[in-house]
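# An overview of the molecular structure
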Amino acid sequence: MATNQERLLKAEHDVWLANCQALTNAANIDYISMMADIEIPTEEEGENNESEI
């Protein structure tokens, strides 16, 4: 049976792994968009474009 501390450590590890995967995915998207010469709007640019519509 797992203790509360073991569950907490596993949850923290799972969050760490998810964060690593998210960072890897973001880097891959940036690389692919750079190689394909596609501009991905940032959050600030997205807000500006929405207000113009």
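In this report, we go over the structure that sits alongside the text. Positions within a chain are numbered from 1, following the residues in the order the chain's sequence is written. Owing to the predicted nature of the model, reporting of local features is limited to residues with pLDDT of at least 70; listing and counting of side-chain atom pairs is limited to 80 or more, with chain, interface and lining totals taken over all residues. The side-chain quantities take in all heavy atoms of the structure and omit both hydrogens and water.

### As for the overall build of the protein chain
Check the secondary structure of the protein chain and you find 2 helices and 0 strands. A buried classification covers 2% of the 53 residues belonging to the protein chain. Helix numbers and strand numbers start at the N terminus; a helix is a DSSP run of H or I with at least 4 residues, a strand a run of E with at least 2. The buried label goes to any residue with under 20% of its type's maximum accessible area, the exposed label to any with over 50%, and the partly exposed label to all in between, with areas taken from a 1.4 Å probe on protein chains only.

### With respect to the pattern of salt bridges
In the sections that follow, a salt bridge refers to a side-chain nitrogen of Lys or Arg positioned within 4 Å of a carboxyl oxygen of Asp or Glu. By the definition in use, this model includes 1 salt bridge. A salt bridge links Lys-10 to Asp-14, with the shortest nitrogen-to-oxygen separation between them at 2.9 Å. Pair noted here: Lys-10 and Asp-14 are both in helix α1 (residues 4-35), with a separation of 4 residues, about one helical turn. Taking the relative accessible area as the measure of exposure, Asp-14 reaches 35% and is therefore partly exposed.

### What about a nonpolar patch on the surface?
A contiguous nonpolar patch, built from Tyr-31, Ile-32, Met-34 and Met-35 and spanning about 480 Å² of accessible area, is present on the exposed surface. Along the chain, Met-35 turns up in helix α1. The class for Met-35 is exposed, based on a relative accessible area of 56%. By definition, no residue in a patch forms a salt bridge, and every one has over 30% relative accessible area; like charges are joined within 9 Å, nonpolar side chains (Val, Leu, Ile, Met, Phe, Trp, Tyr) within 5 Å. Where accessible areas are quoted, they stem from the Shrake-Rupley method and a 1.4 Å probe; at the residue level, only the protein chains shown are allowed to cover.

### Here's the deal with the side chain of Ser-33
Tracing the sequence through the fold places Ser-33 in helix α1. The class for Ser-33 is buried, based on a relative accessible area of 10%. There is a polar contact of 2.9 Å between the side chain of Ser-33 and the backbone oxygen of Asp-30. For the purposes of these results, a polar contact is taken to be a pair of N or O atoms within 3.5 Å, where, inside protein, one atom must be able to donate a hydrogen and its partner to accept one; residues adjacent in sequence count only when each atom of the pair is a side-chain atom.

### As for α1
In a regular helix each residue adds 1.5 Å, so 32 residues correspond to 46 Å; α1 covers 46 Å between its end C-alpha atoms and thus fits that length. Phi for Asp-37, located one or two positions after α1, is positive at around 60 degrees. Any helix carries an expected span of 1.5 Å times its number of residues minus one.

### Topic: the environment of Ile-29
Mapped onto the elements of the fold, Ile-29 is located in helix α1. By relative accessible area, which is 48% here, Ile-29 ends up partly exposed. With 11 residues separating them in the primary sequence, Ile-29 and Ile-40 have C-alpha atoms 9.3 Å apart.

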